[in-house]
Amino acid sequence: MGIKGLMKFLQDAAPKAIREIDSQQAYTGRLMAIDASMCLYQFMIMIRENRSGSYQNLTNAEGQETSHIVGMLSRTIRLMENGIKPVYVFDGKPPELKLGELAARRQKREQAEANLQAAVEAGNAEEVLKSTKMTTRVTKEHNEQTKTLLGLMGVPVVDAPSEAEATCAALCRDGKVYAAATEDADCLTFGTKVLVRNLMAAESQKKQILEVSLERALEQLNISMDQFIDFCILSGCDYCDTLKGVGPSTAIKLLMQHGTIEKVIEEL
DNA sequence: ACTCTATCGCGAGACGAG
DNA sequence: TCTCGTCC
DNA sequence: ACCTCGCGATAGAG
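Each value, and the rule that gives it
- Residues numbered from 1 in each chain as written.
- Chains lettered and ligands numbered in written order.
- Predicted model: local features only at pLDDT ≥ 70, side-chain atom pairs only at ≥ 80, totals over all residues.
- Heavy atoms only, no water.
- UniProt positions renumbered as here; feature names shortened; annotations may be inferred.
- Near = heavy atom within 4 Å.
- Polar contact = N/O pair within 3.5 Å; in protein donor to acceptor, adjacent residues only side chain to side chain.
- Helix = DSSP H or I, 4+ residues; strand = E, 2+ residues; numbered from the N terminus.
- Nonpolar A, V, L, I, M, F, W, Y, C, P; charged D, E, K, R; others polar.
- Axes fitted to C-alpha atoms, helices over the stretch in contact; angles between N-to-C directions.
- Parallel < 35°, antiparallel > 145°, perpendicular 65-115°, else oblique.
- Left-handed = near helix turned anticlockwise from the far one by under 90°.
- Contact = heavy atoms within 4.5 Å.
- Core = buried A, V, L, I, M, F, W, Y, C linked by side-chain atoms within 4.5 Å.
- Buried < 20%, exposed > 50% of the residue type's maximum accessible area, 1.4 Å probe, protein only.
- Domains from an automatic or database assignment.

Per an unreviewed UniProt entry, chain A goes by the name Flap endonuclease 1 and belongs to Zooxanthella nutricula. Its UniProt record gives chain A the following Cofactor (unreviewed entry) comment, quoted word for word: "Mg(2+)".

Rendered as structure tokens:
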């Protein structure tokens, strides 16, 4: 849904829903759902020959890219060494409702491709690198190769019917995993009971691991899950046009006032 | 002066050696 | 603790 | 028929 500042909103409006975690060790023995597509994008963008000058991904003897393999392997091993049991969730078909948003992204990518062309001709290395990152894609093959790797490692893989985040949330809601480890706050909207942020970044980037409890967030906001979903839709999501001038702050006020999204719309 | 929203540009790994 | 180079 | 997202800065509306 892409609620812009959902995490920030929760930090202000429901701070008790967020807990600071000391280290990865806190999740030893636990199953954690992870959005694989997100990881792959990061690996493909960041794992490159070298930062100054060249912008090529790592490749094997046949010229196939291997950055995603290297990244996924080392990250997963680190998790396993800490006793964490990752469950990787792969994206399925994008939801119909998101097509508009995707078209916009494609537009931007085409722009970046043009920029890349220009930067190459101008010999501007910095611009070339930047544009290259913006045009990076994860292909079906990258996904399949990664699934093979994880399968060989004995790590469970789940194919989501549609959005990976939604399936991560469903796994948590149904008690299959302890939490969804993601930076995407929308996972809460999809009903994940527990969301863990910065699980990977904590060590390498000195970030604090944060655990968000959906139940406590609802308690503190004093709304039901249905109202929370309505709140997220009102705040603006990828699935429909936004209401002009309505963000999180206004959305929560309207909802407290009228109770449901239907009543809110009637009043407008 | 202040609060909230809309838009745009940018960034995204992990490890060991020194 | 930080920067830098390597990972294929 | 090629599928990820968040953040901060900044400008503008009310």
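## A short note on the protein's contact with DNA strand D
Around DNA strand D, the structure places 16 residues, and the nearest of them are G92, K98, R105, R109 and R197. Near-protein atoms of DNA strand D (within 4 Å) split between backbone and bases, with sugar and phosphate holding 72%. Take K98: an N or O atom from its side chain is 2.6 Å from a phosphate oxygen of DNA strand D. In terms of residue count, the dominant contributor to the surface near DNA strand D is helix α4 (residues 99–122) (four residues). Split by residue class, the surface near DNA strand D holds five nonpolar, one polar and 10 charged.

## Digging into the packing of α4 against helix α5 (residues 125–135)
Where α4 meets α5, the closest approach of the two axes is 8 Å, and the angle between their N-to-C directions is 155 degrees. Here α4 is positioned roughly antiparallel relative to α5, judged by the angle of their axes. Considering how the two elements wind past one another, α4 and α5 form a crossing that is left-handed. Between α4, through R109, A112, E113, N115, L116, A119 and V120, and α5, the contact on the second element is made entirely by E127, V128, S131, T132, M134 and T135. Tallied by class, residues from the contact of α4 with α5 come to six nonpolar, four polar and three charged.

## Observations concerning the protein's contact with DNA strand B
In the vicinity of DNA strand B there are 23 residues, among which R78, Q205, G245, G247 and T250 approach most closely. Within 4 Å of the protein, the contacting atoms of DNA strand B are 67% sugar and phosphate, with bases supplying the remainder. Between DNA strand B and R78 there is a distance of 3.4 Å, counted from a phosphate oxygen to a side-chain nitrogen or oxygen. Contact between DNA strand B and K130: a phosphate oxygen at 3.1 Å from a side-chain N or O atom of the residue. With four residues, helix α2 (residues 36–46) is the largest single contributor of residues to the surface near DNA strand B. Among the residues making up the surface near DNA strand B, the classes are represented as eight nonpolar, eight polar and seven charged.

## Remarks on the nonpolar core
One broad rule of soluble globular proteins: the nonpolar side chains tend to lie buried together. One finds L6, L10, L188, V212, L221, F228 and F231 to be the most contacted residues of the largest nonpolar core, which totals 39 residues. For this core, the secondary structure elements donating two or more residues are α1 (6–13), β3 (85–90), α7 (164–173), α8 (186–189), β7 (209–213), α10 (214–221), α11 (225–235) and α12 (248–258). The leading source of residues in this core is α7, at five residues. Looking at which domains feed residues into this core, each of domain 1 (14–221) and domain 2 (222–268) gives three or more. Not counting the four nearest positions on each side in its chain, F228 is found in contact with L188, T189, L214, L218, L221 and I223. Grouped together as the second largest cluster of nonpolar side chains are 26 residues, L40, M44, V138 and M200 included.

## Some thoughts on the side chain of S37
Mapped onto the elements of the fold, S37 is located in helix α2. With relative accessibility at 11%, the residue S37 sits in the buried group. Look past the residues within four positions of S37 in its chain and what remains in contact with it is V89, F90, D91 and N143.

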